[in-house]
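Each chain, letter by letter, is given below.
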Amino acid sequence: MKLSQYFFQTLIEEPKDAPLISHKLMLKAGLIKMLSSGVYSFLPIGFRVLKKVEKIVREEMSKIGAIELFMPSLSPSGRWKETKRWEAYGDDMFRLKDRRGNEFGLCPTHEEVICDMVRDVVKSYKRLPFSLYQIQTKFRDEPRPRGGVIRAREFLMKDAYSFHHNEESCEKTYKDFFSAYKRIFERCGLNFVIVEAEAGIIGGSFSHEFIVPSENGEDTVMVCEKCGYAASLEKTEVGVKGQGSRVKGQEMELKLVETPNLKSVAKVSSYLSKKPEELIKTLILKADFEIIAVLIRGDCELNETKLKKALNIKELSMADSETIEKITGAPLGFSGPIGLNCKIIADYSLKEGKNFVLGANKENFHYINANIERDFKVEGFFDLKIARENDPCPKCESILSEIKGIELGHCFKLGTKYSKAMGLRFLNENGDKNLVIMGCYGIGVSRIIAAVIEQNYDKRGIIFPKEIAPFSSIIINIENRALADEIYSHLLEKNIDVLYDDREETPGKKFADADLIGIPYQIIIGKKSTREKIEFVERKTKKREFLSLNEIVNRL
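Residues numbered from 1 in each chain as written. Predicted model: local features only at pLDDT ≥ 70, side-chain atom pairs only at ≥ 80, totals over all residues. Heavy atoms only, no water.

Our focus in this paragraph is the overall build of the protein. Helix and strand content of the protein: 14 helices and 31 strands. Each of the three principal axes of the protein carries a C-alpha extent, and together these read 95 × 65 × 50 Å. In the protein, which comprises 556 residues, the share counted as buried stands at 54%. Taking the intrachain contacts of the protein between residues at least 6 apart in sequence as the baseline, contacts between residues at least 24 apart amount to 69%. Each charge sign in the protein was given a centre, from 87 positive and 82 negative side chains, and these centres are 2 Å apart. (Helix = DSSP H or I, 4+ residues; strand = E, 2+ residues; numbered from the N terminus. Buried < 20%, exposed > 50% of the residue type's maximum accessible area, 1.4 Å probe, protein only. Contact = heavy atoms within 4.5 Å. Lys, Arg positive; Asp, Glu negative; His and termini not counted. Charge placed at Lys NZ, Arg CZ, Asp CG, Glu CD.)

In structure tokens form, the structure reads like this:
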């Protein structure tokens, strides 16, 4: 492709409102152009990268026997209402009505659509197992789109779904996808970690996320360098050594003290000359159909996902101020467990502690020297806090580290969540009706490009790995058009993916653009160049060699 005839333009000035390096470089290098917040066009250079990523995904899906199809993005609300996700998705789903008043949604994911398709086809165990996948546009009404294609409102995703007659079959396919995902990200030149994760609104018994470490990532994961344990922040457990409170000593006399208009942990602890870990926060929550009190140390935060799992809660929310005052007799900020008439549970970090500060259920008052068992009872201790850096690993008790990252892939073991809701059943060998067991496997295809750039760039621009670069090489003609034309024609004959910068631009502009768009190899044609002596530069290292045309062909 000749650059003079290509739809291509780079930016001289730094793009505004693009704090992430991948967003900035994709705009500056002419890979994408914003249409509106969270909505982007892929320009020809960027589209070539996108197609290279898709090719890798398709090849790896083919290796494990997944079959490609294509489903519509526009889905009637009835399918989503069968699974109750029409309501659960809330404002994240784009919704519209047709001219007849029928409700539709733009799919953020396709579980309902594919289950509707499969339930009309699969009637017998003889049709199972199989896996279907698509590469399709998804829509999510993100409240705060950020990072260009990292968190967009319209994006490209590979979503796959597997269907099984038993758990063993589902487990095997899950492992197949797991391995395929590792190969995909390795081929894209990415460093990544695999973490245990919560299934979220997709659902299922367990899941794994594939995270690309990046200081600009919006996902937080906890890892143990010693044993390799890794989990999302919502999923991370805390080892036993980190559960005991730092507050020790003999039990002291319970006292009521005045704390005038002091509600926060910071203000109360400062006023009483205590450390935050010497306070107990009493959280009043609505858990399904009852009110509960959850106790957690003042320096910790509640992990609602852990709480829901510990008590098998489906719906959880903070109680409103009116309910809190009715239950405790005091306004928000002065709640405590002493004299409270509801279920009380506590985080493990409080189990061995002594002489805590806590709310007195009386406005402007707190207790000091409160002790569990002596002054109030709890119905159980659970791991309820959000894990933090330097907490002990739950597997080996070594230290956990926190890293930021970008989620690129997610594998879910769905079980029978969707087949039960949508009546997806099959006849087994004995003629009995059973629910189909499912797995679900997603990859953010367009997001991969941003993640690659976050890990591969320098002050000059992008450094694309060869397998997903828009072109494998670029010919930069400085002062010998006849030879440049000849080399370009020869490389095309050899089916080499080459871009030819034949523009009437200064050498500085040509070199700057070549570095910016990140093509792996530069073939520089100067006045003294010949077929036997051509300057060949590696973009990543800036290593320069003089090679013959045949040697260059062999390199590419």
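Once you've had a look at it, read on.
A separate point is the environment of Lys385. Inspection of the secondary structure puts Lys385 in the loop between strand 20 (381–382) and strand 21 (400–415). Taking the C-alpha atoms as reference points, Lys385 and Ala152, separated by 233 residues in sequence, lie 31 Å from one another.

This structure, assessed with the given rule, holds 50 salt bridges. A salt bridge links Lys343 to Glu290; the nearest nitrogen and oxygen atoms lie 3.5 Å apart. Here the residue Lys343 occupies a position in strand 17 (residues 343–347), and Glu290 occupies one in strand 15 (residues 290–297), the gap between them amounting to 53 residues. Judged by relative accessible area, Lys343 falls into the partly exposed class, the value being 27%. Of the charged contacts, one joins Glu373 and Lys377 as a salt bridge, the two residues approaching to 3.1 Å between their closest N and O atoms. Of the residues examined, Glu373 reaches a relative accessible area of 45% and is grouped as partly exposed. Each of Lys55, Glu59, Glu60, Lys63, Arg183, Arg187 and Glu467 takes part in salt bridges that share partners, so that together they form one network. (Salt bridge = Lys/Arg side-chain N within 4 Å of Asp/Glu carboxyl O.)

Spatial strand order, 4-6-5: three strands in an open sheet with antiparallel pairing. If you trace the sheet from one side to the other, it starts and ends with strand 4 (74–76) and strand 5 (94–97), each paired once. Between one strand and the next, the sheet's axes are offset by a mean angle of 35°, whatever the strand orientation. Where strand 5 meets strand 6 (residues 103–106), four bridges bridge the pair, whose relative direction is antiparallel. Bridging from a neighbouring strand, Arg95 pairs with Gly105 of strand 6. (Pairing = 2+ DSSP bridges. Axes fitted to C-alpha atoms, helices over the stretch in contact; angles between N-to-C directions.)

Right, let's get into the packing of helix 2 (residues 44–63) against helix 6 (residues 167–187). Relative orientation of the contacting elements helix 2 and helix 6 amounts to 150°, with a least axis distance of 10 Å. As the angle between them shows, helix 2 and helix 6 are arranged roughly antiparallel. Seen along the crossing, helix 2 lies across helix 6 with a hand that is right-handed. Counting all contacts with helix 2, which are made through Ile56, Val57, Glu59, Glu60, Met61 and Lys63, the residues of helix 6 involved are Phe177, Ala180, Tyr181, Arg183, Ile184 and Arg187. A per-class count over the contact of helix 2 with helix 6 returns seven nonpolar, no polar and five charged. (Parallel < 35°, antiparallel > 145°, perpendicular 65-115°, else oblique. Left-handed = near helix turned anticlockwise from the far one by under 90°. Nonpolar A, V, L, I, M, F, W, Y, C, P; charged D, E, K, R; others polar.)

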